[in-house]
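# Results of the structural survey
Residues per chain are reported as follows:
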Amino acid sequence: QVQLVESGGGTVQAGGPLRLSCAASGGTFSNYAMGWFRQAPGKEREFVAVITWDSGRTAYADSVRGRFTISRDNAKNTVDLQMNSLKPEDTAVYYCAAVFSAAQRLFVRAPEFRYWGQGTQVTVSS
């Protein structure tokens, strides 16, 4: 059983940066691909970014590509999401998620991820 705890959310002005972090426990972190998703009020949860177990591959939603960067530290059991040039439309609850995979496959659909954090609120003011 993997437990995920996000941190780093908050309120930031448009154009500013914010860095989210997710700490994992209860499993062998390097056995999992890690992803970030977000859900805005009244909208479905959507894919943001994913990273393979060894950081060999990453993928991003079109809406964040070039502004967000996902990274992980297997020694620290953490995965981060660096968010730059934030826009009001980035406002959402951001979730960290894990899926068991030692392959280079890029998972982008929420149902593929087995473990989820509780979420952290990101609010971007205009």
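Because the structure is predicted, anything quoted here is derived from the model rather than measured.

### Notes on the pattern of salt bridges
Counted under the stated rule, the structure contains 7 salt bridges. Between D62 and R65 there is a salt bridge; the shortest N-O distance is 2.7 Å. The salt bridge partner of R105 is E112, with a shortest N-O separation of 2.6 Å. Here E112 falls in the buried class, since its relative accessible area comes to 18%. The network of salt bridges with common partners includes R38, E46, R67 and D90.

### Focus: unusual backbone geometry
Look at N77: it is not a glycine, yet its phi comes out positive at around 60 degrees. By the secondary structure assignment, N77 is in the loop between β7 (68-73) and β8 (78-83). Residue N77 is classed as partly exposed on the basis of its relative accessible area of 24%. Here the phi dihedral of S85 falls at roughly 50 degrees; this positive angle occurs in a residue that is not glycine. Turning to its location among the elements, S85 is positioned in the loop between β8 and β9 (92-100).

### Focus on the packing of aromatic side chains
For the coordinates displayed, the defined rule picks out 8 aromatic pairs. A centroid spacing of 6.1 Å and a plane angle of 70 degrees characterise the contact between Y32 and Y115, whose relative ring orientation is edge-to-face. Here the residue Y32 occupies a position in strand β4 (residues 32-39), and Y115 occupies one in strand β10 (residues 115-116), the gap between them amounting to 83 residues. Take Y32 and Y115: they sit in the same class, and that class is buried. Note on F37 and W116: the rings are 5.1 Å apart at their centroids and 55 degrees apart in plane angle, and the pair reads as tilted.

Rules and cut-offs
Residues numbered from 1 in each chain as written. Predicted model: local features only at pLDDT ≥ 70, side-chain atom pairs only at ≥ 80, totals over all residues. Heavy atoms only, no water. Salt bridge = Lys/Arg side-chain N within 4 Å of Asp/Glu carboxyl O. Buried < 20%, exposed > 50% of the residue type's maximum accessible area, 1.4 Å probe, protein only. Helix = DSSP H or I, 4+ residues; strand = E, 2+ residues; numbered from the N terminus. Phe/Tyr/Trp six-rings, centres within 6.5 Å; stacked < 30°, edge-to-face > 60°.

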